[in-house]
Amino acid sequence: MSDAGDTTWIGHAAGQTHTGSGSQNNYNYYYFASERLIRGGADPLRMAVDRRLWLSQRFVPPPGYGEAVRRLEEPGTAVLLSGTPGSGRRTAGVVLLHRMGTRDDPFREVVLDDQGDESAELAEGERVLVDLSSVSEQEFVDAQVMVKSYWDKAERFGGRLVVVLPREREHLLQSDLRQLLVRTGRPDGDEVVARHLFWDGIEVPLPELHQSAFGELLEHSSMGDLQRLSELVVEARSQGGAFAAWAVKAVAALRDRGHEVAQHIAALTDGRQRALLFTAAMLDGAPADVVFRLSTELLMKLGHPEDERPRLDQTDLTERLTEVQVTVSQGRIGFDALAYGSAVRSHFWLYYPDLRAAFGAWVEAAVREAEWLDQIERRKLVRRFAEQALRAGDVYVLTDLVESWAKESRLLPEAMAVLGQGLRDEQSGAAFRVKIYAWSREPRLQPNLVRGLARICADVMAPYHPDQALVRLHQLARREPGRAPRYARESLLELARRDQRLYERLLGRVREGMERGKFGRPDAGIFLQLMDPPASKVRREEVAAGWRGVFTVAAPEEWGPGIAAWLSAARWERDGGERLMGILIEAADGGLDVLSRYYLLACQWAAEPDDELGPTSRTDVAARFCREIDRAQGIEPLDLASAGMNEGRDV
């Protein structure tokens, strides 16, 4: 199978290309356009929905699932799903929530690495997944307070809550949560494999499946291994033959590949051969000459002695590749056996731990300096390096690499590809979210990194952890220099405007920020953009308090255009702008400086050329606003004509 979880940023849009052996997996391609990172034109939230749909199509209900469905049928309910490792308990929780409510109901995955999320309210009908299946015993005990909080919110907002927990932690549940417990078992393995194969275009009768090489694997393997078996069958299909032969190859790849690779590497007595094999594995599917050049670079990084014989006395590249069991087809290298390249990479990373730093330096230099390495091969190398580093738990190796590459605009796509891959990793995703939070609070973060983080938060983090994405984007936006491009603010506003609950949460955060004063001016700027166009579904007092904060921390020259924008919006309001004007008057709180500025702004706005015909004229709106200003000051409204608003204008 091709490497999964890839995130690639490219300079232009292009069609999918299949250049290696095995099945083709189409990844998420990014490109910058008007400083926006577009994921192939697709909405990131829609892609998250599609991922849940993919799981739902291949899902086989385990024992106990029906009871969980029954308990979660009504809004405002909660279920605790308990299962053993490898039984697909998390997938069961995702699918259970996916099939409840409507397709457009919000879906949130709650994690323990950002306790600030707990204070966030739920949207009406929101579905919430809390995965406690891999937390420590103490974390499990502590998390029950959070679980109760979300249970209460689910009841109040008509949401649904599913908590996934390990069977061995059941005894730690508090008594009031035990009533929510539902135990799930292991789905039928043969049905799981058959369902996966069906959706990949391979229909196999269950008797034939049982008689294949899969055998006992169907009864005892984890759901992850069964999915992997199905993927390997799809790869084997490309090599021709019948299902029985595909199954043999898939089982061999899953069971025996590591031992086979270990024997292969042990038989190689020359370091040059091992370097060539490792390079071929890291660039499986690449042109042969690229593999040769990078193999030479690797030997230099490792300080390996040079072969002092004349070049023509040495073997050619074809013979060298054959010696290490690497094949060449149409100029590109590969391995005959399924999943062989992946096993080779894993072996070197696992059994040569002292060389990991050198491997990393080799990859970093290749990406930065090898101009002859094309984009596809460069991203392939980066992806496979990150995969091995994640398996080894080397998170900080990757985050240091992100910081280094982000210093150069041309390497920003590679930096963000690594970051996106880390965020999607089940084991290390939390560590990457913590690191992004730390970055977001740095006072002088490099602009390129801000640019990349802004899109990563909006496109990769937000579909699954929207509140965490909002918090990080807000912190980044607060610290953007005044004259710098507003990458973080643009992404923040984009995220808030597509979800009413997030919009209200951001409004509350900027209002509190203005009250506290430390980030008053940037929060005022964010508020002014949030209010253009005016919010229609937010509590009046919240908006008025926000305007009041703006008047406290920002100069009139900064908030004046916002007042003009509201006057323009008032022309199209059904009530003639009464609601908007009322909020502004309430926000002024009787302050003469603000009310006087209102009056001046209204006069200036009314005198501007009227290039659009609205239901209400500029003059009428301004006159009404001025009357409200006069009333707020306790004086009789003045005649608008006396202020010169009608001078030189057709009324």
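Keep in mind that this is a model prediction, so the values were computed, not measured.

Rules of the game
Per chain, residue numbering runs from 1 following the sequence as it is written. Restriction of local features to residues with pLDDT of at least 70 applies here, the model being predicted, together with a cutoff of 80 or more for giving and counting side-chain atom pairs; totals for whole chains, interfaces and linings are based on all residues. Side-chain figures throughout are based on the complete set of non-hydrogen atoms in the structure, without hydrogens or water. Centres within 6.5 Å are what make two rings of Phe, Tyr or Trp a pair, Trp counting through its six-membered ring; a difference in plane orientation under 30 degrees is then read as stacked, over 60 as edge-to-face, and the rest as tilted. Counting from the N terminus, the helices are DSSP H or I runs at least four residues long and the strands are E runs at least two residues long. We call a residue buried when its accessible area falls under 20% of the maximum for its residue type, exposed when it is over 50%, and partly exposed in between, using a 1.4 Å probe and counting protein chains only. The pairing criterion is simple: DSSP has to find at least two bridges between the two strands. Looking down the strands as they point away from you, a crossover is right-handed if its path from the first strand over the helix to the second goes clockwise. Salt bridge, as applied in this entry: a Lys or Arg side-chain nitrogen positioned within 4 Å of an Asp or Glu carboxyl oxygen. In predicted models, pLDDT denotes the confidence assigned by the predictor to each residue on a 0 to 100 scale. Working rule for contacts: check all heavy atoms of both residues, and any pair within 4.5 Å makes them a contact.

1. Some details on the packing of aromatic side chains
Given two aromatic rings, one states the distance between the centres and the angle between the planes to describe the pair.
Then, in step 1: Overall, the coordinates contain 18 aromatic pairs when judged by the stated rule.
Then, in step 2: Considering the side-chain rings of F527 and W547, the 5.5 Å spacing of their centres and the 85° angle between planes classify their relative orientation as edge-to-face. A residue pair is termed long-range when its members are at least 10 positions apart, and F527 in helix α25 (residues 520-530) and W547 in helix α26 (residues 540-553) qualify at 20 residues. Like W547, F527 is buried.
Then, in step 3: Both rings, one in W559 and one in Y598, keep their centres 6.4 Å apart while their planes meet at 85°; by these two values the pair is edge-to-face. In this pair, W559 is assigned in helix α27 (residues 556-570) and Y598 in helix α29 (residues 592-606), connecting sequence segments 39 residues apart.

2. Examining the pairing of strand β6 (residues 127-131)
Then, in step 1: Among the five residues that make up β6, four are buried, leaving the element largely enclosed by the rest of the structure.
Then, in step 2: Strand direction decides the pairing type here: strand β5 (residues 107-110) and β6, joined by four bridges, are parallel. Across the sheet, residue R108 finds its bridge partner in β6, namely V128.
Then, in step 3: With five bridges joining them, β6 and strand β7 (residues 160-166) adopt parallel strand pairing. If you follow R127 over to β7, its bridge partner there is R160.
Then, in step 4: With respect to chirality, the unit in which β6 leads through helix α4 (residues 137-157) into the neighbouring parallel β7 is right-handed.

3. Digging into the pattern of salt bridges
Then, in step 1: Applying the stated criterion across every chain, the model contains 41 salt bridges.
Then, in step 2: Salt-bridge contacts for E414 lead to R378; the nearest nitrogen and oxygen are separated by 2.9 Å. Here R378 lies in helix α17 (residues 375-391) and E414 lies in helix α19 (residues 412-424), a separation of 36 residues in the sequence. Taken as a pair, E414 and R378 share a single burial class, namely buried.
Then, in step 3: Of the charged contacts, one joins R540 and E586 as a salt bridge, the two residues approaching to 3.0 Å between their closest N and O atoms. With R540 in helix α26 and E586 in helix α28 (residues 578-588), this pair connects stretches of sequence that are 46 residues apart.
Then, in step 4: Of the residues examined, E586 reaches a relative accessible area of 32% and is grouped as partly exposed.
Then, in step 5: When salt bridges that share partners are traced, they join R108, E126, D467, R501 and R505 into one network.

4. Side note on the confidence of the model for the chain
Then, in step 1: In the predicted model, the chain carries a mean pLDDT of 88, and the fraction of residues at 70 or more is 90%.
Then, in step 2: A low-confidence stretch, residues 1-41 (pLDDT under 50), is modelled with 95 contacts involving residues beyond four sequence positions or located in other chains.

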